[in-house]
Amino acid sequence: MTAVVLTKYAAFSRISVVLASRERGELYGRVAFFAVILGVFSSLWHAVAEAGMPVAADPKALVWYLAATEWIVLSAPSIHLDIQDAIRRGDVVYRLGQPASYLLAEFAASLGLLAVRAPLLGVTGFVCALAFTGSVPPLQALAILVPFALLAAALMTALYLSIGLLAFWLQDVSPVYWVWQKLMFVLGGLMLPLQLYPEFVQRIAAFTPFPVLLSGPASFVLPVASVSPATLARDFVIWSSATALIVRWIFARATRALTVNGG
Amino acid sequence: MQPAVELHQVSKSFRVRRARRAGVGACIRDLFTRQMDTVLAVDQLSFSIAPGERVAFIGPNGAGKSTTLKMLAGILQPDSGDVRVLGLVPSRQRRQLAFQIGTVFGQRSQLWYQLPPRDTFELLGRVYEIDQREHRRRIEALLAVFELGKLIDTPVRHLSLGERMRCEIVASLLHSPRMLFLDEPTIGLDVSAKAMIRELLRTESERERVTLLLTSHDTGDMERVCRRVIVIHRGQLLWNGSITALRRGYLKTKRVTLWSEADHLELRLPGVRVLSSGAYRTELEVAVEITPLGQVVDAAVRQAAIRDMAIEDAPLDEVIRDLYANAERRSATS
């Protein structure tokens, strides 16, 4: 990839950074939501622990776990909605006609947004979790969590990109996203570590990208991680490659449908 | 000289879902069955455009204008026939072509809505791989021509439609395209904004020898920007020639307004229709092939002294309407 090409896609990231820094309302909303949800679940896990239920054996670790999963989910830009809107309005016709890869441009723009959101939400999660638990996981765990969480948010963005591309056929991708979100809740272990789920759920989850996106990186803040960093890195390579292939395949089908049959 | 645009026997059809039937039962059946129809949008269309020409491309709704424009921009692939733009085949060489053409779709936007146009312009500079210094010079030059001034730093959402359209055109001209496709660039604009856009398009095209192909339903766009008009109907070529020739070829009537000493004039001549009469003013529509204008004036002078007189062509709108109506009649009989 030449410098000119890199600069081209960096420009898409840059304009997203500019946009995110000017339109701060949504970011503040996410920060507030993050703080509230951590406060609510912190109280819940403490109440469950006081009631003597085994699930919240270590309520502090569970709050840190939730802070990690929510950090990933809230940092990932809802690119599927942007793509859907551009397709509905017809503005996508401009982007398709430009001398730039539509997929790379959209992904680069999302990474720009991610670059603004992730630090602020990361600090929010850290401060809130610290305030609600009064403890901090080992620094080594946090050092492993941060790069994997950022990778997970980027992979999640790429998967949202594939959902957004379905708008070429569906116009409204909300139903697909809802199904995705519910699967992520369960098979990704959004609220609770996947190790606490029934055996069959864990077995099903292993065939999906959800553990790589959420429970894998977040489990590093637990006393015992569900996966080693090396295994998680390998899984990232596998799922990133698969996602890249899926996104390209959907886009090729979409543009073929568009160029052959209009839209 | 190689034409800027060349279409030869180009056809394009779409498969569209058949309209839903009425009734609950039909709705449920429609969920499980999908009946498709084939619509021929462009039917063996051929024309060419020389470099630097400004051509209006018109037709009624659904005539195939936007489809043709999208095929020329490489966004749609023709079913058959040859398309060449600046010597390139758009559907196969879209990326190469993208550096040489600009597109303006009146009802779409390439500007980032929440940001000032300057941010989009800078992004486009990178997308089109323009040298930074050259790009800044180009922006400044276009800002002056299009009188954007402070607008370039105003978020797009705060711009009026006319201001936004000027910015859209500038965005399409940043990479100095040799060919500009415009799909209804004046749609929804007020009279003065339309006039400004037309003037800018004409002068920019002349100054930089940019070839223009413009679709519009507004005859003012054609008359003030273009010299040649291509009319299509149901995907087929209906007219390809100068606007003057279109007027001459299809205009069989003249509008005559007479201001006379008499309150009204009684002109009963073959081919002469009185449109309005009274208050010392009479407006006539004269079929000049049946009754020459001289005879009409003579007849009027015999009735009363004529204080003033105006002779005009019928509006181009009417010519176009007649053209469409004739085509519709022909296709109905065939």
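Residues numbered from 1 in each chain as written. Chains lettered and ligands numbered in written order. Predicted model: local features only at pLDDT ≥ 70, side-chain atom pairs only at ≥ 80, totals over all residues. Heavy atoms only, no water.

As enumerated under the stated definition, the model contains 28 salt bridges over all chains in all. The closest approach of N and O atoms between Arg-88 of chain A and Asp-172 of chain A, which form a salt bridge, is 3.9 Å. Placement of Arg-88 of chain A in helix 4 (residues 79–89) and of Asp-172 of chain A in the loop between helix 8 (167–170) and helix 9 (174–187) is noted, with a sequence separation of 84 residues between them. When its relative accessible area of 44% is taken as the criterion, Arg-88 of chain A is described as partly exposed. Among the ionic pairs, Arg-207 of chain B bridges to Glu-208 of chain B, the shortest N-O distance being 3.5 Å. (Salt bridge = Lys/Arg side-chain N within 4 Å of Asp/Glu carboxyl O. Helix = DSSP H or I, 4+ residues; strand = E, 2+ residues; numbered from the N terminus. Buried < 20%, exposed > 50% of the residue type's maximum accessible area, 1.4 Å probe, protein only.)

Glancing now at the domain arrangement of chain B. In terms of domain boundaries, chain B breaks down into domain 1 (5–247) and domain 2 (252–313). Placing a centre on the C-alpha atoms of domain 1 of chain B and another on those of domain 2 of chain B gives a separation of 43 Å. (Domains from an automatic or database assignment.)

Right, let's talk about unusual backbone geometry for a bit. All names here are of chain B. Non-glycine residue Glu-129 carries a positive phi angle of around 55°. Within the secondary structure, Glu-129 is located in the loop between helix 4 (117–127) and helix 5 (132–145). Note on Glu-129: relative accessible area 36%, which makes it partly exposed. With a phi close to 55°, Ala-279 is a non-glycine residue in the positive phi region. Here Ala-279 shows up in the loop between strand 11 (272–278) and strand 12 (281–287). Residue Ala-279 is classed as exposed on the basis of its relative accessible area, which comes to 60%.

Turning our attention to the sheet that holds strand 2 (residues 36–49) of chain B. Residues and elements named next belong to chain B. Strand order in the open sheet formed by three strands is 2-1-4, with antiparallel pairing between adjacent strands. Unpaired on one side and paired on the other, strand 2 and strand 4 (80–85) mark the two borders of the sheet. Each adjacent strand pair in this sheet contributes to an overall mean axis angle of 35°, direction not counted. One ladder, built from 10 bridges, connects strand 1 (residues 5–17) with strand 2; its direction is antiparallel. When the sheet's bridge partners are listed, Phe-14 is paired in strand 2 with Val-39. (Pairing = 2+ DSSP bridges. Axes fitted to C-alpha atoms, helices over the stretch in contact; angles between N-to-C directions.)

As a further point, take helix 9 (residues 243–250) of chain B. Residue and element names in this part refer to chain B. Looking only at helix 9, the buried set comprises Ile-243, Leu-246 and Arg-247. Down the axis of helix 9, the buried side of the element spans an arc of 100°, and every buried residue falls inside it. Packing partners of the buried residues in helix 9 comprise helix 8 (219–225), strand 8 (228–233), strand 9 (236–242), strand 13 (306–313) and helix 11 (316–333). (Arc of directions from axis to C-beta. Contact = heavy atoms within 4.5 Å.)

Quick look at the confidence of the model for chain B now. Residues and elements named next belong to chain B. Predicted confidence across chain B gives a mean pLDDT of 87, with 98% of residues reaching 70 or more. Ranking the elements of chain B by mean pLDDT puts helix 1 (residues 24–32) last, at 74, and helix 4 first, at 95. The ipTM for the predicted assembly is 0.85, set against a pTM of 0.83. (pLDDT = per-residue confidence, 0-100.)

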